[in-house]
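Examining the three-dimensional arrangement
The lines below spell out each chain.
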Amino acid sequence: MQKMGKQKNKTASFSFWNWVIASIIFRLILIYFPKNLNLASRPEVSTPLTSFRRLAEGYWLKQLSMSPYAGSMYHGSPLLLSLLGPLTVKRIEGQPNHLLYSLVSVIADVVSAILIRATGKNLRLAYLRSLESLDIVKQTKASGEFFKILSPGDAAALIYLWNPFTIVACVGLSTSPIENMAVILCLYGACSRLVPLAAFGWVIATHLSLYPAILIIPVIFLLGCGPDAPPRKLFLQKNDKEEVLNKSKLPLGFSWRPITHFAFWALLWSAYVLVLCGISLKQFGGLWEMFKSTYGFILTVEDLSPNIGVLWYFFAEVFDFFRNFFLIVFHVNILFMIMPLAIRLNHRPCFLAFVYIAIFSMLKSYPSVGDSALYLGLLGWFVNELADIQFSFFLFCGYVGVSLLSPVMHTLWIWRGTGNANFYFATAMVYACLQIILVVEGVSAMLNHDRKLRNLTTSKPQDAKS
Amino acid sequence: MATFINSKTIFRLLVLPCLLLYSSIAHNSSSVEATMHTNNWAVLVCTSRFWFNYRHMANTLSLYRTVKRLGIPDERIILMLADDMACNTRNKYPAQVFNNENHRLNLYGDNVEVDYRGYEVTVENFLRVLTGRHETSVPRSKRLLSDEGSHILLYMTGHGGDEFLKFQDSEELQSHDLADAVKQMKEKLRFKELLIMVDTCQAATLFNQLQSPGVLAIGSSMRGENSYSHHLDSDVGVSVVDRFTYYTLAFFERLNIYDNASLSSLFSSYNPSMLMSTAYCRRDLYQRRLEEVPVTNFFGSVMETIHTDAAYKALSRKDSGRFKAQMSLDQSVHHHERRTLINVNDQDEILNTKAEDQQGASTCPFTSFYEKLRKGENVDSLVNYGLVAMLPLLGVSSWLFQ
């Protein structure tokens, strides 16, 4: 029995690596198509923050001893310029242009997938441990077997790698794979209690794009309490009922030591990053110029070119008098949701991180499909808890439909002139609605799952209710 | 009592001149320029359209050619041509513009970069160019990106009159508009010295309202006088050049990029009987003596070369004094000779290179590294080292602090 189990595990891991290699080969095939299939010019893929052309422009300006932010083309981090800038100009004879840059994106995707898998394993172990301590393993035996077939780590990693959005963002030469890698690194570090790694990932993710700053809350919960677990109430109820004095089965309470370590390391890494940026921009206005061009650009929504988000259409028509007010409204829209979700889902920090990522991927100033790829991949961590999600087929069809119609509407509007901006904005609105439905249904499915666990623990010992 | 009153009045009498003296000293010291002449710009404007105003286009293009020949690059020339003569349907020689009936020079050549063309040449755009107040969408090639160390040549030609200049046959630039724009430029430190050269009828009246210091204005005719064309080209069918510009070009054709001819020699080359008008030069706003200003200060672009190995950095003010002294020294040495390009090295660099050459072994690597950092060299490699060092630091810290 054990041998079979081991063999099954081996075959499972073997096929996982098969799939990973297959995805790398698929990406390489797409990269070798001429001009990367023109994906880099799609507004869904490349936004003013993630565009490859703008990175090349910023690097060229830097080489000419001008500020990389001159001309309002490049709005990213100067560290990315030093890292990826030389790759934008290097050409190898006989190979497609930007091959090296595409390889970097592919490597970033693979590393993200490996980290997602490791975090998923952590989550699964924590889940099993919590089920054991609640003594409901037998009742969930059916789902336990399901675990062995497809663990959440493998599922999430494969969904991330084979998601068309991820592939398109990788082949389309955007910087999203690297931003996603930073976020996943942060979550991995927090789940595995590697505080310096978590702090590093968080600092880099915030530095590259502003919004992952709100992930500090799930990271604090992860470091304080540990990975996802049913609510603490259940453990206390169980102990009260059975009057078991076995305290070792209780989960650990909230501990502040890792949080102080995290704060220290976050400060250290941010000082390091800011010093490096300051040195590299010393002659061009220093850090204030950098903040104005990166964070200022993100927050003031200066560029109104169409993308798959909802802000551009609105800010194209808002009067100047109200512009600041509505900027505040749109950004506070994200901030308002932090506290209630944190209160309700504090026992499930990874799911909280998923919900935050989904929210800011939808409501950020310049969304792209690369951002959606991140949370769709992380959805795989919760395949077991979210098995009963409502409208799953509708959402799947909706995503497929939007990803097919959005380029069509864009072509109708821009290239053929038979449509107008409303056509394109309609698909963007539908996309936002789908994301909202996904978030809402996901949260309610997770809460239903918790409710189910509570029923299982408080019910009299009976036959398995699965 | 009388003496007391006397001393008080004497005191009061002395106070006023002291105040005047103090204010004049302050004014003088403030008018001493601490900036260094770093670049030259040219704004060349032709304001007339229609085929019979061919000569105005030829004037502007001739001056464009001269200014380019003497060293100002296209990036620092704003050329505004109100109409297209080269490709005009009435032009017998398509894509060619001549300023002489011998057709020796094709002014339109291969290398003409027109920044404002046709209907874009308006009074509004002209004033926007001068003051630098553009829409955000205007590209850099259409902007006058001068700074406080710039010498600007502003050449305008077309039809003009008493205190106005006609643009496009439909609007006019008045002398107070021009004076206002120049005043704005001075406030915003957009030039160090400005030479305005105008070739129209009654050109001198256009300068009546100028007040800003550092401005030298040359006009082709006085109030009540017309400026005439030089000759008619019977082949092309119209007059091809104006007298004032013709004699200006005659002066410049004798020069090359290294010559030291002064502005006073330019101005004294204008002969009223040949020009059939009196050329006028307004010098009261210009502090320097015309005998010591070479024409290439405005019409060409000869700079002393400062060799550094670092990426470009604007010179700080404390260095400018040092270089100015060297420049004047060299000028006095090569006064009537061919001027050579000067290599002026940073003092530190001379010491460093000498030390390294002689000794062979450099000084302590930390101090040389610190020197390099201070001078801003190798910033990129430092950032790269920092980025690369991040990864092992991350690994080590994660491993240690599990």
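Predicted model, so just to flag it, every value in this text is computed and none were measured.

Some thoughts on the overall build of chain B
In terms of helices and strands, chain B carries 11 helices and 14 strands. Among the 402 residues that make up chain B, the fraction classed as buried is 44%. Counting every atom, chain B has about 21500 Å² of accessible surface; 56% of that belongs to carbon and sulfur.

Overview of the interface of chain A and chain B
Contacts between the two partners involve 20 residues from chain A, matched on the other side by 20 residues from chain B. Summed over the shared surface of chain A and chain B, the result is 1 salt bridge. Across the pair B:Asp380 and A:Lys62 runs a salt bridge, and its minimum N-O distance is 3.3 Å. Counting every contact that joins chain A to chain B gives 2 residue pairs in polar contact (both at pLDDT 80 or more). For the side of chain A that touches chain B, the secondary-structure elements that each account for two or more residues are helix H2 (52-63), helix H3 (78-89), helix H9 (195-208) and helix H12 (257-280) of chain A. Tallied by class, residues from the side of chain A that touches chain B come to 12 nonpolar, 5 polar and 3 charged.

Points about the sheet that holds strand S7 (residues 171-174) of chain B
Residues and elements named next belong to chain B. Spatially, S5-S6-S7 is the arrangement adopted by the 3 strands of the open sheet, whose pairing is antiparallel. Edge positions in the sheet fall to strand S5 (160-161) and S7, since each has one partner strand and no second. Bridge analysis of strand S6 (residues 164-167) against S7 gives 4 bridges, and the strand direction is antiparallel. Within the sheet, the bridge partner assigned to Phe164 lies in S7 and is Gln174.

Here we look at the pattern of salt bridges
One pass over the structure, following the stated rule, counts 21 salt bridges over all chains. The partner of A:Glu385 in a salt bridge is A:Arg348, and the shortest N-O contact between them spans 3.8 Å. Within this pair, whereas A:Glu385 is found in the loop between helix H19 (369-378) and helix H20 (392-416), its partner A:Arg348 is found in the loop between helix H17 (338-344) and helix H18 (349-363), the two being separated by 37 residues in sequence. With a relative accessible area of 9%, A:Glu385 lands in the buried category. The partner of B:Lys142 in a salt bridge is B:Glu120, and the shortest N-O contact between them spans 3.3 Å. In this pair, B:Lys142 is assigned in the loop between helix H3 (123-131) and strand S4 (150-157) and B:Glu120 in the loop between strand S3 (116-117) and H3, connecting sequence segments 22 residues apart. By relative accessible area, which is 30% here, B:Glu120 ends up partly exposed.

Focus: a positive patch on the surface
A contiguous patch of positive charge, built from A:Lys233, A:Arg344, A:Arg451 and A:Arg454, is present on the exposed surface. By the secondary structure assignment, A:Arg344 is in helix H17.

Comments concerning unusual backbone geometry
Residues and elements named next belong to chain B. Even without being glycine, Ala95 reaches a positive phi, approximately 65°. Assignment of secondary structure puts Ala95 in the loop between strand S2 (77-81) and S3. Ala95 gets classed as partly exposed once you look at its relative accessible area, which sits at 37%. Phi is positive for Met276, which is not a glycine, with a value near 60°. By relative accessible area, which is 44% here, Met276 ends up partly exposed.

Observations concerning the pairing of strand S8 (residues 193-199) of chain B
Residues and elements named next belong to chain B. Judged by how many residues are buried, S8 sits mostly within the fold: 7 of 7 residues are covered. Side chains Glu193, Leu195, Met197 and Asp199 project from S8 onto one buried face, and the interleaved Leu194, Ile196 and Val198 project onto a second face that is buried too. Sheet analysis places S4 next to S8, joined by 7 bridges and oriented parallel. From the neighbouring strand, Ile152 faces S8, where its bridge partner is Leu194.

Some details on the UniProt feature "active site" (unreviewed entry) in chain B
Residue and element names in this part refer to chain B. Under the UniProt annotation, "active site" (unreviewed entry) lies at His159 and Cys201. The greatest C-alpha distance among the annotated residues, which extend across 43 residues, is 6.4 Å, indicating that they converge on a single site. Along the chain, His159 falls in the loop between S4 and S5. When near neighbours in sequence (up to four residues on either side) are disregarded, His159 contacts Thr47, Ser48, Asn53, Arg55, His56, Leu165, Lys166 and Thr200. At a separation of 2.8 Å, a polar atom in the side chain of His159 contacts the side chain of Asn53. Residues within four places of Cys201 in sequence aside, it is in contact with Gly160, Gly161, Ser221, Glu225, Asn226 and Ser227.

Thoughts on the side chain of A:Thr427
Residue and element names in this part refer to chain A. Considering the arrangement of structural elements, one finds Thr427 in helix H21 (residues 421-458). Looking at Thr427, its side chain comes within polar contact range of the main-chain oxygen of Tyr424, at 2.6 Å. Those residues in contact with Thr427, other than ones at most four positions away along the chain, are Val402, Leu405, Ser406 and Met409.

Some thoughts on the environment of B:Asp199
Residue and element names in this part refer to chain B. Position of Asp199 relative to the elements: it lies in strand S8. Using a relative accessible area of 1% as the deciding quantity, one classes Asp199 as buried. Along the sequence, Asp199 and Thr157 sit 42 residues apart, while their C-alpha atoms lie 4.8 Å from each other. Residues in contact with Asp199, not counting those within four places in the same chain, are Asn59, Tyr155, Met156, Thr157, Gly158, Ser220, Ser227, Asp242, Phe244 and Thr245. One polar contact links Asp199 to Thr245, side chain to side chain, over a distance of 2.5 Å.

Analysis parameters
- Residues numbered from 1 in each chain as written.
- Chains lettered and ligands numbered in written order.
- Predicted model: local features only at pLDDT ≥ 70, side-chain atom pairs only at ≥ 80, totals over all residues.
- Heavy atoms only, no water.
- Helix = DSSP H or I, 4+ residues; strand = E, 2+ residues; numbered from the N terminus.
- Buried < 20%, exposed > 50% of the residue type's maximum accessible area, 1.4 Å probe, protein only.
- Areas by Shrake-Rupley, 256 points an atom, 1.4 Å probe, with all protein chains shown as cover.
- Contact = heavy atoms within 4.5 Å.
- Salt bridge = Lys/Arg side-chain N within 4 Å of Asp/Glu carboxyl O.
- Polar contact = N/O pair within 3.5 Å; in protein donor to acceptor, adjacent residues only side chain to side chain.
- Nonpolar A, V, L, I, M, F, W, Y, C, P; charged D, E, K, R; others polar.
- Pairing = 2+ DSSP bridges.
- Patch = residues over 30% accessible without salt bridge, like charges linked within 9 Å, V, L, I, M, F, W, Y side chains within 5 Å.
- Lys, Arg positive; Asp, Glu negative; His and termini not counted.
- Charge placed at Lys NZ, Arg CZ, Asp CG, Glu CD.
- UniProt positions renumbered as here; feature names shortened; annotations may be inferred.

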